[in-house]
Structure formats: structure tokens, C-alpha cells
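# Chain and residue survey
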Amino acid sequence: MTTTSLPPTAPPAATPQRSLRRPRRNGRPRRDWRGWAFVAPFMVVFALMIIAPVVYAIYLSLFRQQLIGGNAFVGLANYAAVLTDAKFWESFGRVSLFLVVQVPIMLALSLVAALAIDSARLHGAGFFRIALFLPYAVPGVVAALIWGFIYGDQFGLTAGINQALGTQLAPLSGQWILGSIGNIVTWEFMGYNMLIFYAALRVIPGELYEAAEIDGAGAFRTVFSIKLPAVRGAIVIATIFSIIGSFQLFNEPNLLKQLAPNAISSYFTPNMYAYNLSFAGQQFNYAATVAIVMWVVTAVIAYVVQLRGSRKEVR
Amino acid sequence: MTALTERRKAPSRAAARSNRAARAAAPVSGRRTRKSTVLTIVMIVFTLYSFVPLVWLLVNATKSQPDLYSSFGLWFGKDFNLFQNIAELFTYRDGIFLQWLGNTLLYVVVGAGGATLLATVAGYGMAKFNFPGKRAVFAVVLGAIAVPGTALAVPTFLMFSQVGLTNTPWAVILPSLISPFGFYLIWTYASEAIPTELLEAARMDGAGEFRTFFTISLRLLAPGVVTVALFAIVATWNNYFLPLIMLSDPTWYPLTVGLSQWSAQATGVGAQPIFNLVITGSLITIVPIVAAFLVLQRYWQSGLAAGSVKQ
């Protein structure tokens, strides 16, 4: 039913589709080419900057630079190599673990914050809304630098805390590094996701609350029976964006690598692997293959999440 | 209690007004606007989490290099060195930081500006016209959202190096020109905000489509456009991966890549730690973008609420 035929971003899709139909009902614009004058510039740049690189990456992934004979067509051999590459799987497993742990924690915190701000039971709700959002404006690079300093044992906060309390915290050790990165990402995007949830909460019609009140529903009942179902679409969207973000993980580990060279390898995440393959190893064909594989994995998972998310909605 | 919560509490003197204000702020549970202290404390914890790193940055930007090592992270050092740090920041290596700031501004103005323009015009076209191939445009752009931006970066780099675009500003600007998010936001926003009858009336008066767009529609789209512009500015201002791979000449670096290189020079052979400059530079980097969000918050919050998440 509400399973829109196209994968991610279900809610924005819903409105456009309605608008696709609306003109005809009004007996409005005849179908003609005028609209292209507006859409064409975007689509030209889109074709050059998005479609062309994808096509080029697919083309690259089918070739291999041979020592003898130059560039040779190898069919799917690069894909076979990636899928049996222990380094690739190690990096993939790491971001998957990251995804499974960090994304639910971050989204739960965002949701709690959004519900609190929306509850009208808060002193200074407007202040909290903007305060929590601010880290989103901080560049990922700067966020990683700041947290890197904080984690550091030279002049970081961690060093100070260890000194004062006699603890042995080591956020940059191999054991803790993934959690430390998760903390940075949570810090950066919690407020952004909170805002997505908050915007969805705001459009719940007031009559629903009035009805709930008449039925004698308490605050928690209202949250679970009205608010959470109403923001399901937003949760699906935020989950999809977070999945894409997790699989793309690069900035934070790449910057922390300077501080923790032993804990972060050159294939810590698939993206770092692809990057180091191209720019340290000149293995462009193989790097393109890794990128395509990650794209397919991301698209499939995003699609599954979207399907599951909207199926529950039907219930 | 912070000054801000104090100010928010002030209207409670006029109970009726506070009630109305609370309901306007969040259309929730009619009369029940009894404030919860527990909830407020929870949110203060959230806020501390968000603020501690920023406070750390602010405090440490005032320290000299030796003070960084010798003083506690969340309190000031012996000397107040902020202004010396800023002066050194802008003169270090012949003022390359200023060059990076200029580059960042260039990428933001052309890249984010172009992205906003393209997304606005195209989103409007999608919302208000019916044309052959519209469904195909919809499907293609939607499918592309799942493409991880960084997955594109390596192929884009190879493509650009074939045509000699790498290591030029274009290598950073051109890929920033596409904002699928902006395209959607304006599309949904325009569907709601621009009455079709208004366009009909303009057409009756003989106004051309582009004239109608620039004189009538654009004004109605303003909150949506501000939102798209702001998020495009953040995306280009914070861009790191793309310039990192595209640029090898430091004179074209944006702030993000420059700062990470400075931070990297603290380790390895011939290490020259300039942490005080990295920290002060980080502070200078985030000030404009944070200021933009704070100043424009009325616009982007309404734009975001009305456009993107409406279901």
C-alpha cells in the first residue's frame, strides 16, 4: 500500500507524487516541455557529476592494470577479488559493528531529546533545540581534531582526568578506538537527527492529542500510541541517512590515525581502504570496485530498511 | 539556571500569555504545560555533552603552546594568548591561513550558491510543471541519493585528471553544485507554498515563465531557499574528502584540509607541533558557520519544518 516503489526518502517522495497527479485533476498545465527549461540545468550538472562518475567507476571496475600489456579487460575478476579480500571484509565488519551499535544509540538519544523539547514541559525549550543542534555546524574535521585533543594523553582532558583520578582511560587504544569514533559521530549528528524528529512531531494534528486526553491517556501512553507512530517515517529516513553515513566513515578515523597510528590501519573502513588503494597504491581499478561494492551494499540495505519501515506503517 | 532559561521563564508572570506561548511553541497536550524539572535536567546533560568540546576549544584557543601541555584542559592557562595566537595564525607561513579562508569562501560562494540556484530552479520546475520525462527525473535523482558521496570521489578524481581539472578550484566546486536534498526540499516546499492559481493569473497577464519565477515565485520560496542555501553552505564549508583527494597544491586548500595538514605535521619525522595554531584555526573555522545558523535560525527552522519532513 504505502510501500512507495522507490527506495529511500519515502516521505518527501509522497508529496511530489501527489503533486504529479494534482495538475491533471485541476485540468491545469497541459503536458509540455516548458518545465524542462527549469529542470535541465540541474539535470545536466547531475549527469556530469553523479551519473558519469558512477558509469566510469563501473567501467574501471571491469579492467585491470597489468604489468605486461597495460589495461586489460578482466570481466568480474576484480569483484571476485574484493569479495575474497580479507582486508575488505575486516573493514566491512568494522563499519557494520559501528552501525549496529552507534546508530541505535544516537537515534535513541535524538528521539528522547526531540520528545523532551516537543513535550512543552521544558524550561527554555528553544534554547535546548539550538544548543543541541550546534555541533552539526562544526566541520567533521574540526570535530575530529577537538575530540582527538580531548582523547589525547599529552594535554587532553583524558590526561587530566587520568592524573586527577588515577584512572587508566585510553580512548585512542585499539580496544576503545571504535567507541571513541562513535562518540564523535554521535556528537556531530545527534542534534541534526533531533531536528528531523522534532519537525515530524510538530506536524501531528492537535486533535489527536485532544482525543488522547479525553480518553485519559497519560504522557507515556501519548508518546507510545501517538508520537512514536507519527514519527516512524522520520525514523526511517534518519536510519537510512545514518546507515549511508556509517558505511562512508572516513573523516574521523582518517584524522585520528595521526594520533593513533597503531589502532587505525590503512583499511580501517572500506572508504579508507579505497582511498589508500588509489592514492597510496595506485590501484585505481580495484579501488573503484570497492566503491561500487559498497554502493550496492548501501543501496540494498537502505532499500530493505525503507521497505520494512513502511510495511510496519501499514499495520 | 542559565540566563537564558531565566529569560524564558519571565512570561510565567503573565500565566495566560505563557500558556499561549507554550502552545504556539509546541502544539502539545493543550493545558498540561506544567514544567518538568527532571526533564529539564536531562536536557541540561544533553546540552553539556554538546557544549563541552566547544568550550574546550574556546578555552584552549587562549593558551600558548607550552600552556597547552601544562594546564588543565577545561580551564585557562597562565597567559591569555588568544590574540597572539590569532596574529600568529594569520602570519604563519606568509599568511597561508588567510589564503585557505579565501579559498573556502570561494568554494562556498560559487559551489553552495550554484547548488542553491540549480536546486531551487529545478525543484520549482518539478513542482509546478508537467513535462515528459518527469517520472524519469524523479527516479534517477532518487536512486542517486543512495550513492555514497565518497564512493563517487575516487572515480570523479580519475575523470577530472583525464581532463586536467584536478588541482584547480573547479575540482572542488563542480561536484558541490549538486544538492539532491535541496532539490527535494524546494520541490515539496514549492508544491505547498506557491498557489497554482497565482501562476495562472500571471500567465493570463502575459508574463513569461522565468519572469513569473523571479518576480513572484522566488519570494514565496524564500524560507525554503534559505534552508537549502544554509545546508549547502555547511556541506561545502565542511567539505574535506573531496578537496583532500582533488588538490595537491596547498595554495588551493580549503580550511579543513589545511588544518588537518597542520595537525599532521606534529607527528613523524621533523615534527613541528603547532597545536596552538590548529586549535585557534579550528575556532576561527567554526565561528562564521555557527553564526550563520544562529542568525538565520528563524528561516531555516521554518523551512525545514514546512518543507522536508512534512508527510
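Residues numbered from 1 in each chain as written. Chains lettered and ligands numbered in written order. Predicted model: local features only at pLDDT ≥ 70, side-chain atom pairs only at ≥ 80, totals over all residues.

## As for the overall build of chain B
Within chain B, the regular secondary structure consists of 16 helices and 0 strands. Taken over 311 residues, chain B has a buried fraction of 44%. (Helix = DSSP H or I, 4+ residues; strand = E, 2+ residues; numbered from the N terminus. Buried ≥ 20, exposed ≤ 12 C-beta atoms within 10 Å, placed from the backbone.)

## Looking at the overall build of chain A
Within chain A one finds 14 helices and 2 strands. Relative to its full complement of 315 residues, chain A shows a buried share of 48%. A separation of at least 24 residues holds for 70% of the contacts in chain A among residues at least 6 apart in sequence. (Contact = placed C-beta atoms within 7 Å.)

## As for the packing of helix H8 (residues 177-202) of chain A against helix H11 (residues 232-247) of chain A
Residues and elements named next belong to chain A. The contact between H8 and H11 brings their axes to 9 Å, and the two run at 160°. With respect to H11, the element H8 is oriented roughly antiparallel. Along this stretch, H8 crosses H11, giving a crossing that reads as right-handed. Counted together, Asn193, Ile196, Phe197 and Ala200 of H8 and Gly233, Ala234, Ile237 and Ala238 of H11 form the full contact between these two elements. Split into classes, the residues belonging to the contact of H8 with H11 amount to 6 nonpolar, 2 polar and no charged. (Axes fitted to C-alpha atoms, helices over the stretch in contact; angles between N-to-C directions. Parallel < 35°, antiparallel > 145°, perpendicular 65-115°, else oblique. Left-handed = near helix turned anticlockwise from the far one by under 90°. Nonpolar A, V, L, I, M, F, W, Y, C, P; charged D, E, K, R; others polar.)

## Observations regarding the nonpolar core
A general tendency of soluble globular proteins is for nonpolar side chains to be buried together. Judged by nonpolar contacts, the single largest core of 174 residues is most densely connected at Phe197, Val290 and Ala291 of chain A together with Ile186 of chain B. Top element by residues in this core is H8 of chain A. It accounts for 16 residues. Two domains share this core, each providing at least three of its residues, namely domain 2 (37-80) and domain 3 (92-308) of chain B. Here Phe197 of chain A is in contact with Ser110, Leu111, Ala114, Val231 and Ala234 of chain A, once residues within four sequence places are set aside. (Core = buried A, V, L, I, M, F, W, Y, C linked by C-beta atoms within 7 Å. Domains from an automatic or database assignment.)

## A closer look at unusual backbone geometry
Located in the positive-phi region is Gln282 of chain A, a residue other than glycine, with phi close to 60°. Take Gln282 of chain A: there are 11 C-beta atoms within 10 Å of it, and that puts it in the exposed class. In this structure, Asn167 of chain B is a non-glycine residue whose phi angle is positive, near 65°. Checked against the element boundaries, Asn167 of chain B lands in the loop between helix H7 (149-162) and helix H8 (169-176). Its 15 C-beta neighbours within 10 Å are what place Asn167 of chain B among the partly exposed residues.

## A word on helix H4 (residues 86-118) of chain A
Residue and element names in this part refer to chain A. Between its terminal C-alpha atoms H4 stretches 47 Å, which fits the 48 Å expected from 33 residues at 1.5 Å a residue. By the largest-angle criterion, Leu99 marks the main kink of H4, which is about 25°. Just downstream of H4, Ala120 is the residue with a positive phi angle, here 65°. (Expected span 1.5 Å × (residues − 1). Bend = angle between axes of the 7 residues up to and from the residue.)

## Examining the packing of helix H3 (residues 37-60) of chain B against helix H15 (residues 275-295) of chain B
Residue and element names in this part refer to chain B. Viewed as axis vectors pointing N to C, H3 and H15 meet at an angle of 120°, and their least axial separation amounts to 9 Å. On the basis of their axis angle, the class for H3 and H15 is oblique. Between H3 and H15 lies a crossing of left-handed hand. In this structure, H3 uses Leu57, Leu58 and Asn60 to contact H15, whose residues at the interface are Ile279, Ser282 and Leu283. By residue class, the composition of the contact of H3 with H15 is 4 nonpolar, 2 polar and no charged.

## Some thoughts on the environment of Ser248 of chain B
Residue and element names in this part refer to chain B. Take Ser248: it is sitting in the loop between helix H13 (241-246) and helix H14 (255-264). Owing to 10 C-beta atoms within 10 Å, Ser248 belongs among the exposed residues under this scheme. Considering only alpha carbons, one finds Ser248 and Gly102, 146 residues apart in sequence, at a separation of 17 Å.

## Structural notes on helix H12 (residues 222-237) of chain B
For H12 of chain B, spanning 16 residues, the distance from its first C-alpha to its last is 22 Å, which sits close to the expected 22 Å at 1.5 Å a residue. In terms of burial, H12 of chain B is largely enclosed, as 13 of its 16 residues are buried.

## What about the confidence of the model for chain A?
Residues and elements named next belong to chain A. Taken as a whole, chain A shows an average pLDDT of 83; of its residues, 88% reach a score of 70 or greater. Per-element confidence in chain A ranges from a low mean pLDDT of 42 for helix H1 (residues 10-26) to a high of 95 for H4. Contacts for the low-pLDDT stretch residues 1-27, under 50 throughout, to residues beyond four places or in other chains number 55 contacts. (pLDDT = per-residue confidence, 0-100.)

## Observations concerning the confidence of the model for chain B
Residue and element names in this part refer to chain B. Taken as a whole, chain B shows an average pLDDT of 81; of its residues, 83% reach a score of 70 or greater. Considering each helix and strand of chain B separately, the mean pLDDT is smallest for helix H1 (residues 3-9), with a value of 38, and largest for H8, with 94. Across residues 1-31 the pLDDT falls below 50, and counting only partners more than four positions away or on other chains, this stretch makes 36 contacts in the model. Both confidence scores are given for the complex: pTM 0.83, ipTM 0.82.

## Describing the environment of Gly93 of chain A
Locating Gly93 of chain A in the fold gives a position in helix H4. The spatial distance from the C-alpha of Gly93 of chain A to the C-alpha of Phe268 of chain A is 9.8 Å, given a sequence separation of 175 residues.

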